[in-house]
Every structure is written in structure tokens, then in C-alpha cells.
Amino acid sequence: VKKQQINTSTSTCCYCGVGCGVLVHKDKSGNVLIEGNKEHPVNKGMLCSKGLNLHYTVNDKSDRLLYPQMRYNKNMPMQRVSWDEALDRTAAVFKTFINKYGPDSVAFYASGQCLTEEYYVINKLMKGFIGSNNIDTNSRLCMSSAVAAYKMALGEDTVPVCYDDIELADCFYVTGANPAWCHPILWRRVEAHKAANPKTKIIVVDPRVTDTCGIADLHLQINPGTDITLNHAIGRALIENGDIDLDFVTRHAEGFEQYSAMVFKRSMADAARHCGVSEADIRLAARYIAEAKGFISMWTMGLNQSSTGVNKNLSLINLNLITGHIGKPGSGPLSLTGQPNAMGGREVGGLANLLPAHRNLDNPLHREEVQKFWGGSVINPKPGLTATEMFEALENGSLKAIWILCTNPLTSLPNVRLAEAALKKAKFVVVQEVSNKPESLAFADVILPAAAWAEKEGTMTNSERRISYLNKIIEPPGEALPDAEIICRFARKMGYKGFDFEDPAAIYAEHARLTTKTNIDISSLTYEILKEKGTVQWPYKKKSAEEGTIRLFTDKRFYTLSKRAIIHPVPDANTSEQPDGDFPFILTTGRIRDQWHTMSKTGKVNKLNQHLPQSFMEIHPDDASTLGINDGDITVITSRRGKVQVKAKISTQIKQGVVFVPMHWGKILGNDLNRVNNLTSDQVDPISKEPDFKFCAVNVVKF
Ligand code: SF4
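Under an unreviewed UniProt entry, the name given to the chain is Ferredoxin-nitrate reductase, and the organism recorded is Mucilaginibacter gotjawali.

This is the structure we're talking about:
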């Protein structure tokens, strides 16, 4: 391959939020080969199985959408049309609905896979010109609980630490996450650090024994949904032993007294019983944290995807705050972003309740500032519909049109059969997609073919605030266009000014200007600097020694009004759907090592499909024996919302009373019985509106 190689470009892996750097070698025929970038500060040349096989998904064009398609009514077949025909009709339909029913009758549902420039123009179009905040993304299913908790505790949605803190920490508290499988390259760094420094303590909290437990000094195999009780009990033990940072909690934080009163409400013995772990182990976790010079808490969907997701996040961040482990080397809360650019989306305000550059929708000054900058319509103060609310609104008829881009909601949404019924009732559906696989295409009135990774240029931000520049390396197939180009063409068809950007650099430059004097200021970080450096961590100060910002809050001044961090005394109640006589098991969902989300990319790669080729249900041997289920038997799992039918995988690695089914599989040849979201609950956290994918009641029987 090296002989045929004609050029090499840099880019960033488009799967998880770790943000590994890659070298993309393109040969004469336009095929690419991926290699880890040894110069990249995140992965230093390493790639996980998904990243290593990325070129297969890029080179295989067999499932690509190649030209716009349209139909005038739902009974007609799709027909090939020109870009102008597709966008003229879409603009006409959107205008009709907006004039007749108001701007809230239309919505955009986008993705944490979008590039920042794409997010920016969709957000600008919807909030600044159409006049509705109905723009939400699948980040709502992923990081919104962490976003809300960061804002409540630190004053802004901001990750204080950097990956280089890993090598400076001597205690890690990993909860609601399986980074060994889901953020592998970051975890390789933790493993290497532990191997070089065996005294480093790793505490893993998970109802399942995962590969992450492989290097754990302590695995707290808690009952699902008891995270807050556990975090409070550890907090109580730290207070009892005098292991808190009194100077920090008195001078730089508020709320400690109320927190202390809250955690002392439950005895240690009661907390241990409730969580299903020993009191000695809870005290040991507290001791490991107390003895650490550098303490990092690490989490992802296990805390976020919950009806109490924000409270779970806050109870964890509290452990960093009461011990003063924030704003110093090797210390702080590190939320692991699920998607590659969930953070970039947050920077431009790409959720229904946000404004660009971490401005607040409920702040009239912020709304006015953004409106003046964009020069469009007055920004609506009412938060828009969130991901699940959009589908509820389609179902009840209040939302008429939805534009879905870069996401596969009919596999990924909770209670997905309801979402499917809603899409069937929608008056007008636009699907902007790379692949011909997503199930939402069957409901589309207009299909718009989009360019994929490596076929367009732009930026993304990873879990440590690191902005990466991604090169355009190959041409998109057929008539596919970059997402930002499609949105700008549509905005111009709608008659809006301010969407005639020359290229993605011009979009980025406008976004960067809008960050001026905010806490994420990148106003002096140009495309040229990004191209030269490859990556930079925000905020960016041109003349500072490090130029980017590796660590936040080193001055202990937070972004709250009082400049102090807030310790929130959250209740530990679990509000998820509880098991009962009819549905006695708890269902939890999650990822497997070699698949990404709904498999539209990784599912194309034979090597990746070999790891775990089919969906399955993990169940404890004692539960399996009671139900007469043997390993490999087909089982029927039912909840109040639907059913699935998958093979049993009997394992001592899961707690009794709990079953696990992977999130990835959708409909296969019209059969939806592998799709775990037939079962999941669409209950959401009241603050973050993030759904509860990790806890619902199910029944299990042998087929
Ligand atoms: Fe890609 Fe994440 Fe794997 Fe890195 S760890 S190669 S970003 S999937």
C-alpha cells in the first residue's frame, strides 16, 4: 500500500469523544488507509479496533446515498430530483407550516457526530432566523445530564481537566462507564500509568464486571440506581475521617453544611445495604480518595442516562469539591463524551435550551447579544423541544415537520416504537444522511445525500476541550454535499441573509468571533493556527505560553455569580421505573467493544462484526436457572412498551435481578426483535431531559 501512496493528511477519528489523531493515506484510486498519528497528543499513535478499521467504512461506498430524492405524498415512490428541486420544495413546505402554525411547528434533530461548523449553521438558522429553539441533537441522549450538572456546580458547562492529568493522578474513581471498551485509548493511558505506578488506585463502580475492572483495586458492584447513595456514603466517610479540604470548602465553595447534613441522614450500614456492597468497601474507597494527591472522577452514560442523571452527576462532582480536587494537576471531574463532537455542539449552543458560546437562553442580554450579532429575528426565550419531546409532538400533531440529520432515531431513541408511530404521523420528514440504512428513511418525504467523514473539512472538540481540524481528503460520491453546505443552501432558499459563507473556514471564523470575551474565547484561534498546530484546547489566549488552556480553575475562581463552586445536597431517591411482580428484572443497556452506536458504520466491517456478531441478553446463572434458561437459549424480554427476542448469555459478571442488552441493533430485514429500545423507558431527567436508558422493569422468559 505504501508504494501506491500518493498523499497523507491528518484528521481525527470520528467515533468516540476521546478524539484520537489519525493519518489518512490516500492511494491513486482514492482509497484510504488509516494509521494512528504518533505526533498526536491524545493517542500518540494508538488506535482502538474501531479507529483501526475506519478506512473500511470510508472505502465501502455500497450503502451511500448518491442524489436527492423526493415524493409528493407518502404513497408515492421516491424519485430522483435535483438539489434545487429538493430544497425549493422543502423551503416551500417549511414556509407554509411556519406561516400557518408558527415557527414551533418545525424542528431539526441533529447529532453529536456533526462538525462544529455544521452545528453552528443549523443553530443559527433555527434560533436566529426561523425563530424557534426546536433544534436538538442526539447529545440529549448522551451528555445533557453532565452539561446541566457542570453548570449547576461550576457555573458553566466546562470540563476542568485534561488527559495529561491522567499521568499525574494517583486515584481514579470510574463510575457508570466502561472505558476499556468504550473509550479504549484513554483507558490504555490509565492502564499504562497504573503499570508504571502500581500504587495508583483504581475504583470502579458498576453493576456489571466489565473489562475496566481488570485493573481495579476495588470494584463496587452496586445495585443499579444506587449511585447517589454510594457517592453520599463515601462523602460521609470522608467527612467523618476529617479528610475534606476545609480551606477549599470554606473559601472556594458553598453548600458544604447542607451537603454534610444530607449525607449524614443515612447511616453507613444502611447505605451499604441499599447499594448491595460492604461498608468496609465503601470506607476503603473513601480512604483511597483521601490518600490521593491527584484524584480524577470519570464517568459517562451510566450516570448521565437516568431519570436522576443530573443528581447523580452532582453527587459525583461533590466528591471532587469536598476534597478540593479540582483546578490542580492530576485532579478533577472528567466526563467522557460519548460522541466525537458532543462538546463542539455545546460550544455553539446546539441544544434546544442553549445559546452559542455557553450563553444562556433565559438571559435577555444574551439573547439580544446573539440576535444583534446574527442580524436575524428576535430569539425566542422559550426552550425548544428536546429529542424525545420532538417525537411526542409529532405524535400529538403539534409538530408538523422534522428534519433529521446524521442520526438514526428509530434505533437509538428510548421507547422507540412510539417514535416510529410518531414519524409515521409526521406531516413532512426530511432525512439528511450518508447511508441508505437508517430506518427513518422509510418515512422521509425528502432524502438529502450528505458527505461523510474525510469528505469535508471542519472542526470537532473532544472530551478535554481539544479542538481538532479535520481535513477534506476525498470527494464525496455522487451528488452528496457537506451538511453545512446543504443547510446554507436551504437557508438561502428560505430567503435568509447571512448564510452565504465562502467555505467552512468562514463559518468557523463567525463562530469564533461570537466567543469573544466569553469563558470559551477562541476569537483569535484561526483555521490557519489550527491547521498548523492540529489541535488546541479552549479557551485560547494568543500570547500565553501554552496558547491553549490545559486546565481550568487553577485560580479557584469558578464561573458562578459568587465565583465559588456549588456543592449541591441532592436527594438519593431513585425515580426510575421499578420492578414489580409482572416485570421483576431491571434492564440496563450499553455498548459492546467493536460497535459504534447504531452500527451504520461499524456494522459494515466484517472484522468488527466477529467480536459479538449478534445481540444477546446477559443474565446471572441463578436467575437463568430459576427461569429454566440455558446459555444460548432464545429468550423473550418484555416491558410495558414492547418486546425483544435474543439469545441468553449466562454470566456471573452481572448482578442477580439485572439483565443487560446492547444498544446497537435495530431492525434487521424488517424484524425489530433485536432492538433493545423497544423496551426502554422514555422517562427523562426533569432538568436535563436525558432519557433513562439504564433502568427499566422487564420480564424474561424462555422462548
Ligand atoms: Fe476512535 Fe475513540 Fe477508538 Fe480513539 S478511542 S480510535 S477516538 S473510537
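1. Considering the site of the ligand
Near the ligand you find 14 residues, and of these Cys 13, Tyr 15, Cys 20, Cys 48 and Gly 51 are the closest. Elements with a minimum of two residues in the shell around the ligand: α1 (49-52) and α7 (184-196). Of the residues that constitute the shell around the ligand, the class distribution is nine nonpolar, four polar and one charged.

2. Side note on helix α12 (residues 279-291)
Spacing of three or four residues puts side chains on the same side of an α-helix, whose turn is 3.6 residues. Over its 13 residues, α12 runs 18 Å from end to end, which matches the ideal 18 Å to within 8%, given 1.5 Å per residue. What α12 keeps buried is the set Ile 282, Ala 285, Ala 286, Tyr 288 and Ile 289. For α12, the angular spread of buried residues about the axis comes to 160 degrees, placing them on one side.

3. With respect to unusual backbone geometry
A cis amide bond links Trp 538 with the next residue in sequence, Pro 539, at an omega value of -10 degrees. By secondary structure assignment, the location of Pro 539 is in the loop between β21 (535-537) and β22 (565-566). Positive phi, close to 65 degrees, is recorded for Cys 406, a residue that is not glycine. Along the polypeptide, Cys 406 turns up in the loop between β16 (401-405) and α18 (409-412). Here Phe 553, not a glycine, exhibits a phi torsion of approximately 65 degrees, which is positive. Judged by the 19 C-beta atoms lying within 10 Å of it, Phe 553 falls in the partly exposed class.

4. With respect to the packing of helix α8 (residues 227-240) against α12
At a minimum axis separation of 9 Å, α8 and α12 run at an interaxial angle of 60 degrees. In terms of orientation, α8 lies oblique with respect to α12. Handedness of the crossing formed by α8 with α12: right-handed. Every residue of α12 that contacts α8 at Leu 230, Ala 233, Ile 234, Ala 237 and Leu 238 is listed here: Ile 282, Arg 283, Ala 285, Ala 286, Ile 289 and Ala 290. Of the residues belonging to the contact of α8 with α12, the class tally is ten nonpolar, no polar and one charged.

5. A short note on the confidence of the model for the chain
For the chain, per-residue confidence averages 96 on the pLDDT scale, and 99% of positions sit at 70 or higher. With pTM at 0.97, the complex prediction returns an ipTM value of 1.00.

6. Concerning the sheet that holds β21
The strand order β19-β20-β21 describes an open sheet built from three strands, whose pairing is antiparallel. The open sheet terminates on both sides in strands that have one partner only, identified here as β19 (458-461) and β21. With strand direction ignored, the average angle separating the axes of adjacent strands in the sheet is 25 degrees. Note: β19 against strand β20 (residues 466-470), four bridges, orientation antiparallel. Counted as the bridge partner of Thr 461 is Ile 467 from β20.

7. Focus: the pairing of strand β27 (residues 658-662)
It is a general feature of regular strands that their side chains alternate between the two faces of the sheet. In terms of burial, β27 is a largely internal element, five of the five residues being buried. Burial along β27 is two-sided: Val 658, Phe 660 and Pro 662 facing one way and Val 659 and Val 661 facing the other are all buried. With two bridges joining them, strand β24 (residues 616-619) and β27 adopt antiparallel strand pairing. Its bridge partner lying in β27, Ile 619 is registered against Val 659.

8. A short note on the nonpolar core
Core analysis: the biggest nonpolar cluster contains 187 residues, and Phe 172, Ile 203, Ile 234, Ile 282, Ile 289, Met 390 and Ile 402 have the highest contact counts within it. Element by element, the count of residues in this core is highest for helix α4 (residues 116-130), at eight residues. If near-sequence neighbours (up to four positions away) are discounted, Phe 172 is found in contact with Val 190, Ile 202, Ile 203, Ile 296 and Met 298. If you look at the next biggest cluster of nonpolar residues, it comprises 26 residues, including Ile 629, Val 644, Cys 696 and Val 698.

9. Description of the domain arrangement of the chain
The domains assigned to the chain are domain 1 (5-59), domain 2 (69-141 + 342-499 + 511-520), domain 3 (144-336) and domain 4 (585-702). Computed from C-alpha coordinates alone, the two centres of domain 1 and domain 3 are separated by 33 Å. The partner domain 3 presents eight residues to the nine residues of domain 1 that form the contact. When the residues that make up the side of domain 1 that touches domain 3 are grouped by side-chain class, the tally is seven nonpolar, two polar and no charged.

10. Observations regarding the sheet that holds strand β13 (residues 332-335)
Sheet strands pair via backbone hydrogen bonds, and the direction of the pair is either parallel or antiparallel. On the basis of which strands lie adjacent, the open sheet formed by five strands has the order β10-β9-β8-β12-β13 and parallel pairing. Looking along the sheet, the strands with just one partner apiece sit at the ends: β10 (218-220) and β13. With direction set aside, neighbouring strand axes in the sheet form an average angle of 15 degrees. With five bridges joining them, strand β8 (residues 171-175) and strand β9 (residues 201-205) adopt parallel strand pairing. By the bridge assignment for β9, Thr 175 is matched with Val 205. Across the sheet, helix α14 (residues 309-322) touches β8, β12 (295-299) and β13, and the angle it forms with β12 is around 170 degrees.

So, how was this worked out
- Residues numbered from 1 in each chain as written.
- Predicted model: local features only at pLDDT ≥ 70, side-chain atom pairs only at ≥ 80, totals over all residues.
- Near = placed C-beta within 6 Å.
- Helix = DSSP H or I, 4+ residues; strand = E, 2+ residues; numbered from the N terminus.
- Nonpolar A, V, L, I, M, F, W, Y, C, P; charged D, E, K, R; others polar.
- Expected span 1.5 Å × (residues − 1).
- Buried ≥ 20, exposed ≤ 12 C-beta atoms within 10 Å, placed from the backbone.
- Arc of directions from axis to C-beta.
- Axes fitted to C-alpha atoms, helices over the stretch in contact; angles between N-to-C directions.
- Parallel < 35°, antiparallel > 145°, perpendicular 65-115°, else oblique.
- Left-handed = near helix turned anticlockwise from the far one by under 90°.
- Contact = placed C-beta atoms within 7 Å.
- pLDDT = per-residue confidence, 0-100.
- Pairing = 2+ DSSP bridges.
- Core = buried A, V, L, I, M, F, W, Y, C linked by C-beta atoms within 7 Å.
- Domains from an automatic or database assignment.

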